[in-house]
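Remarks on the overall topology
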Amino acid sequence: MAPSPTPPAVRGPASALIPQMRGMVEQIRRFGDQPGLRRAMPAILILAVTVLALAGWILLREPARVTLYPGLPEAEKARVIDSLTGGGIAAVIDERTGEVAVPGADYHRARMLLAAQGLPQGLPDGNALLSDLPMGTSKSVETARLRQAQELDLARSITEISAVSAARVHLALPERSAFLRESQPPRASVFLQIVPGRTLDGAQVEAIVNLVSSSVPGMARQDVTVVDQMGRLLSRGSDDPAVLLNDRQLQHRVQLETLYRNRIESLLTPIAGPGNLAVQVTIDMDFTRQGDPRGAGRPRPHRAAGRAKPDRGDGRPAGPGHSGRRVEQPAARGRARGRRAAHRRGRGGNADAQPVAELDPQFRG
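Here the structure is a predicted model, which is why all the values come from computation and not from measurement.

Parameters and conventions
Residues numbered from 1 in each chain as written. Predicted model: local features only at pLDDT ≥ 70, side-chain atom pairs only at ≥ 80, totals over all residues. Heavy atoms only, no water. Helix = DSSP H or I, 4+ residues; strand = E, 2+ residues; numbered from the N terminus. Buried < 20%, exposed > 50% of the residue type's maximum accessible area, 1.4 Å probe, protein only. Contact = heavy atoms within 4.5 Å. Areas by Shrake-Rupley, 256 points an atom, 1.4 Å probe, with all protein chains shown as cover. Core = buried A, V, L, I, M, F, W, Y, C linked by side-chain atoms within 4.5 Å. Salt bridge = Lys/Arg side-chain N within 4 Å of Asp/Glu carboxyl O. Pairing = 2+ DSSP bridges. Patch = residues over 30% accessible without salt bridge, like charges linked within 9 Å, V, L, I, M, F, W, Y side chains within 5 Å. Axes fitted to C-alpha atoms, helices over the stretch in contact; angles between N-to-C directions. Parallel < 35°, antiparallel > 145°, perpendicular 65-115°, else oblique. Left-handed = near helix turned anticlockwise from the far one by under 90°. Nonpolar A, V, L, I, M, F, W, Y, C, P; charged D, E, K, R; others polar.

Next up on the list: the overall build of the chain. A tally of helices and strands in the chain yields 10 helices and eight strands. Residues counted as buried form 23% of the 365 residues belonging to the chain. Looking at the chain alone, contacts between residues at least 24 apart form 55% of all its contacts between residues at least 6 apart. Only carbon and sulfur atoms are counted for the fraction: they give 56% of the accessible area of the chain, which is about 26,700 Å².

Moving on to the nonpolar core. Here is a general trend for soluble globular proteins: nonpolar side chains tend to be buried in one another's company. Counting residues in each nonpolar core, the largest one holds 21 residues, and the members touching the most others are Ile-158, Val-190, Leu-192, Leu-200, Val-212 and Val-224. Residue assignment for this core shows that the elements contributing at least two residues are helix 6 (139–158), strand 4 (164–172), strand 5 (187–194), helix 7 (202–215) and strand 6 (224–228). Membership of the second largest hydrophobic core comes to 14 residues, among which are Leu-72, Ala-91, Val-102 and Ala-110.

Following the criterion strictly, the structure yields seven salt bridges and no others. Note that Asp-106 and Arg-109 form a salt bridge whose closest N and O atoms lie 3.8 Å from each other. With a relative accessible area of 43%, Arg-109 lands in the partly exposed category.

With that out of the way, let us pick up unusual backbone geometry. The omega torsion of the bond from Leu-119 to Pro-120 falls at -5 degrees, within 30 degrees of zero and hence cis. Residue position: Pro-120 is located in the loop between helix 4 (107–116) and helix 5 (126–131).

The next thing to look at is the sheet that holds strand 3 (residues 100–103). Pairing is antiparallel in the open sheet, where three strands are placed in the order 1-3-2. In this open sheet, the two strands that pair with only one neighbour each are strand 1 (65–67) and strand 2 (92–93). As paired elements, strand 1 and strand 3 share three bridges and run antiparallel to each other. For Val-66, the partnering residue across the bridge sits in strand 3 and is Val-102.

Further remarks concern a nonpolar patch on the surface. On the surface, Tyr-260, Ile-264, Leu-267, Leu-268 and Ile-271 cluster together into a nonpolar patch covering about 510 Å² of accessible area. Positionally, Leu-268 belongs in helix 8 (residues 241–272). Classification of Leu-268 as partly exposed rests on a relative accessible area of 37%.

Turning to the packing of helix 3 (residues 74–86) against helix 4, a few remarks are in order. Helix packing geometry: the angle between the two helix axes and the distance between the axes. With their axes 10 Å apart at the nearest point, helix 3 and helix 4 run at an angle of 110 degrees to one another. Regarding the angle of helix 3 to helix 4, the classification is roughly perpendicular. For the element pair helix 3 and helix 4, the recorded crossing hand is right-handed. Residues Val-80, Ser-83 and Leu-84 of helix 3 lie in contact with helix 4, whose contacting residues are Ala-110, Leu-113 and Leu-114. Of the residues assigned to the contact of helix 3 with helix 4, the class counts are five nonpolar, one polar and no charged.

Summarising the sheet, strand 2 and strand 3 pair through two bridges and their orientation is antiparallel. Of the residues in strand 3, the one forming a bridge with Val-92 is Ala-101. Between strand 2 and strand 3, which pair antiparallel in sequence order, lie six residues; one of them, Gly-98, sits at a positive phi of approximately 75 degrees.

Dropping the structure here:
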């Protein structure tokens, strides 16, 4: 039996790559056989391992975190972390500072998420700004930090008022100068966000003005401006006597209206029944008139009570036959008028006392 012929070798692209790969391997082997490369091989391996370890640490490490709101109260921190965790943001408490920190890439998204939920409700503490002040800080930066801390503390105090939901205080503190003519008084501006449905009366605004002016040395009450979220100017010329008088008059009228309304309701509620009565009282008061409470409108003359002896018109007392009744004599002017009237009528004796008593019915005994 004749042997079968061997098929011819298949020539193509795969058969052409094999010699090339063998040639590359041979070149790498020759390169590795060099003495210098063999001596540097340990250092090359150490460098490669170091690079790979550094790359793995960068890829696997936690992202850089940024403090969200420094100086928050503990209760606010708990609410902020719960809100951010529910929104898919990995918020943690920094072990070194104790502040709420979020990844740097999620910083702005976290602030927008908290603002949509009305958080944080409390303001940061001014002491946190001073505690984080690094050593070697310049005087200008230190002054700015101190002013900011003072503004935060004043804002926290103002927000304790029930009708105020948020507040911001801006202090304009001039630099001290050795020349009195060049010194400028400190000024302050207060921005208030009022709770919906609530208002601030004049006494509360005055309290805010006094609080701010008393907290800054050398600040006058008229240098404090208070504005609400609607752009209305709440503070006025507090030192103007006319303004203070008008406020007191209005407060007095409101107190009287409330007093009379409560009295009317207490009298009529047993008759009409609870909830079946609506009372409105409006008092019109005129604070420009000042008169006698009796309605006379004229000053009351002085009276001297006692047992008086009528005179005869010439300065001598009457005779023993006079009845000596108790009369009330007016002042010197009334006695002079009585004497002149007695002389004109030509009367004497007991008749002298009659004009004195008839000057005014209120002087009769």
